[in-house]
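Results of the structural survey
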Amino acid sequence: MRAKKSSQPVKAKRTPQIWAFVNGKGGAGKTTSVINLSIAGQRRGHYASVLDLDILKSAERWSELRAELTGEEEPVIVHGAPDKLKEMIDTVLDEGSDLVLIDTPGSLDRTMLLAAQVSDIVVIPTRTSVLDQNALRDTLEFLGLAEKLSKCVVLLNATAKGQANDIAKVRSVAKEFDVPVAGVGIEDLPAFGTTLAKGRGAVEARGKAAKNIEAAFDEIETHRARIMRAAGSK
Ligand SMILES: Nc1ncnc2c1ncn2[C@@H]1O[C@H](COP(=O)(O)OP(=O)(O)OP(=O)(O)O)[C@@H](O)[C@H]1O
Ligand SMILES: [Mg+2]
């Protein structure tokens with residue numbers, strides 16, 4: 001795998017951050033989160049890269065659509081085999097990336113563990129229905145067996161009014177595993193679909209979806225800093 005050449009200037013060196021997005025269930029919002037948060041990161045001055053480990057190449061294909069519709073080549077989004085993850089990370093770091101987001105398929109498998117292994121933080125986007133609650137429990141159990149729970153944070157996705165009970169149940173599943181739930185969730189908004197269809201991220205349009213992504217970005221950075229501090233103090 002070779003990363004696409006980027007015209008982004010190599011910025012002053014920041015400590016690289018590596019964020020993985022996982023959930024054993026498909027459709028939870030991993031790819032939507034990864035794409036939108038990477039664009040948010042880029043707009044904040046990060047040199048963001050996305051490593052797409054899903055055989056469907058949803059993120060990489062979307063970046064081709066983005067290039068076609070908008071001429072934008074960034075963030076760099078490349079697909080690769082999970083076995084090549086470490087090399088992919090080295091490549092994008094060598095090219096100057098300081099924010100690497102890893103998108104994974106919706107399944108409880110080795111790819112999830114490889115992504116969790118190399119990441120500073122493991123973000124688990126989840127919807128809130130009973131099906132999602134059960135998938136979240138399975139995902140946390142799986143990550144627990146691999147001793148990765150201390151890196152995890154749950155990110156509520158596609159929330160809507162009237163879900164208070166379901167959200168409380170998601171929180172209680174997370175609590176069973178002592179895993180925090182990000183203080184802000186991402187709402188169920190058509191803008192996430194419509195902006196992506198135009199090759200844009202939510203933060204490149206104004207509105208609620210943009211605010212949701214900015215707030216989620218802040219939350220993830222805060223949780224990552226906490227996780228890094230805790231790991232450093234061991
Ligand atoms: N917050 C949201 N509001 C509205 N639609 C959303 C939201 N998040 C995701 N979607 C939509 O839900 C669908 C699934 O999202 P996405 O592809 O990001 O999930 P995924 O976890 O990557 O799934 P998979 O495991 O199959 O790759 C997409 O059609 C996406 O546009
Ligand atoms: Mg996906």
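Since the structure is predicted, the reported quantities are computational estimates derived from the model, not experimental observations.

Counting secondary structure elements, the protein contains eight helices and six strands. Ordering the α and β elements of the protein from the N terminus gives β-α-β-α-β-α-β-α-β-α-β-α-α-α. Taking 234 residues into account, the globule formula puts the C-alpha radius of gyration at 17 Å, and the protein, at 16 Å, falls close to it. Structurally, the protein occupies a C-alpha span of about 45 × 40 × 30 Å along its principal axes.

A word on the nonpolar core. Counting 60 residues, the largest nonpolar core has L101, V123 and V154 as the members making the most contacts within it. Among the elements that take part in this core, helix 8 (residues 208–232) stands out by supplying six residues, more than any other. Once residues lying within four places of it in the same chain are set aside, the contact partners of L101 are W19, F21, V34, L37, S38, A48 and V50.

Looking at the protein as a whole, the pLDDT averages 94, with 94% of positions reaching at least 70. Here residues 1–5 is modelled with pLDDT under 50, and outside its nearest four sequence neighbours on either side it reaches 15 contacts, counting other chains as well.

Where helix 1 (residues 30–43) contacts helix 8, the two axes come as close as 10 Å, and the packing angle between them is 80 degrees. In terms of their interaxial angle, helix 1 and helix 8 are classed as roughly perpendicular. Every residue of helix 8 that contacts helix 1 at N36, L37, A40 and G41 is listed here: I213, E214, A216 and F217. When the residues that make up the contact of helix 1 with helix 8 are grouped by side-chain class, the tally is five nonpolar, two polar and one charged.

Our next topic: the site of ligand 1. G26, K30, T31, T32 and G106 are the nearest of the 19 residues found near ligand 1. The greatest single-element share of the shell around ligand 1, amounting to three residues, is contributed by helix 1. Here the residues of the shell around ligand 1 sort into six nonpolar, 10 polar and three charged.

Conventions adopted
- Residues numbered from 1 in each chain as written.
- Chains lettered and ligands numbered in written order.
- Predicted model: local features only at pLDDT ≥ 70, side-chain atom pairs only at ≥ 80, totals over all residues.
- Helix = DSSP H or I, 4+ residues; strand = E, 2+ residues; numbered from the N terminus.
- Rg over C-alpha atoms; globule rule 2.2 N^0.38 Å.
- Core = buried A, V, L, I, M, F, W, Y, C linked by C-beta atoms within 7 Å.
- Buried ≥ 20, exposed ≤ 12 C-beta atoms within 10 Å, placed from the backbone.
- Contact = placed C-beta atoms within 7 Å.
- pLDDT = per-residue confidence, 0-100.
- Axes fitted to C-alpha atoms, helices over the stretch in contact; angles between N-to-C directions.
- Parallel < 35°, antiparallel > 145°, perpendicular 65-115°, else oblique.
- Nonpolar A, V, L, I, M, F, W, Y, C, P; charged D, E, K, R; others polar.
- Near = placed C-beta within 6 Å.

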